[in-house]
Amino acid sequence: MIEWLNSHIAYWHWIVAGLLLAGLEIFVPSFVLVWFGLAAVVVGLLLLLVPMGVTAQLLVWVALSVAFVALWHKFVSPRMRDRTLAGMSREAIIGQT
């Protein structure tokens, strides 16, 4: 089975899968699938330059996915906090400027 996957998975499979994952982000409110999709596109581009086996491709995809999500949570997510007063009770808002 691994031999079949090694000979049949091309770089464009990863790129298409990445674009599909990024497109599925429309239906998921968590903003996580886009990072999995970006990692898949990067693996596809890397596979275009460097031939790898399926196991190595999956390991690179998992590592990049974890790294992208961790970097997003560390640097981008804190800056996107809701700073509006929407949903707060009137008592909590009184006295704030």
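Up top is the structure these notes are about.
To start, this report covers the structure provided alongside it. Since we're looking at a predicted model, the values are computed, not measured.

With respect to the side chain of Q57
So, step 1. Its place among the elements puts Q57 in helix α4 (residues 54-76).
So, step 2. Exposure remark for Q57: the relative accessible area of 2% places this residue in the buried category.
So, step 3. Within the structure, the side chain of Q57 is placed 3.0 Å from the backbone oxygen of M52, a separation counted as a polar contact.
So, step 4. With residues up to four places along the chain from it excluded, the contact list for Q57 reads I9, W14, V43, L47 and M52.

Observations regarding the packing of aromatic side chains
So, step 1. Scanning the entire structure with this criterion turns up four aromatic pairs.
So, step 2. Measuring from centroid to centroid gives 5.9 Å for F31 and W35, while their planes differ by 85°, and the two rings are edge-to-face.
So, step 3. Judged by centre distance (6.1 Å) and plane angle (50°), the ring pair of F36 and W61 falls under tilted. Here W61 lies in helix α4 and F36 lies in helix α3 (residues 33-49), a separation of 25 residues in the sequence.
So, step 4. Of the residues examined, F36 reaches a relative accessible area of 27% and is grouped as partly exposed.
So, step 5. Exposure remark for W61: the relative accessible area of 23% places this residue in the partly exposed category.
So, step 6. Grouped by ring-pair contacts, the aromatic residues W14, F36 and W61 constitute a single cluster.
So, step 7. We note K74 situated over the ring of F75; from NZ or CZ to the ring centre the distance is 5.8 Å.

Description of a nonpolar patch on the surface
So, step 1. On the surface, a cluster of nonpolar side chains totalling about 860 Å² of accessible area is made up of Y11, W12, V16, L20, L45, L46, L48, L49 and V50.
So, step 2. Looking at the nonpolar patch, the elements that each hand over two or more residues are α2 (11-24) and α3.
So, step 3. If you trace the backbone, V50 turns up in the loop between α3 and α4.

What counts, and where the lines are drawn
Residues numbered from 1 in each chain as written. Predicted model: local features only at pLDDT ≥ 70, side-chain atom pairs only at ≥ 80, totals over all residues. Heavy atoms only, no water. Helix = DSSP H or I, 4+ residues; strand = E, 2+ residues; numbered from the N terminus. Buried < 20%, exposed > 50% of the residue type's maximum accessible area, 1.4 Å probe, protein only. Polar contact = N/O pair within 3.5 Å; in protein donor to acceptor, adjacent residues only side chain to side chain. Contact = heavy atoms within 4.5 Å. Phe/Tyr/Trp six-rings, centres within 6.5 Å; stacked < 30°, edge-to-face > 60°. Lys NZ or Arg CZ within 6 Å of the ring centre and 35° of its normal. Patch = residues over 30% accessible without salt bridge, like charges linked within 9 Å, V, L, I, M, F, W, Y side chains within 5 Å. Areas by Shrake-Rupley, 256 points an atom, 1.4 Å probe, with all protein chains shown as cover. Salt bridge = Lys/Arg side-chain N within 4 Å of Asp/Glu carboxyl O.

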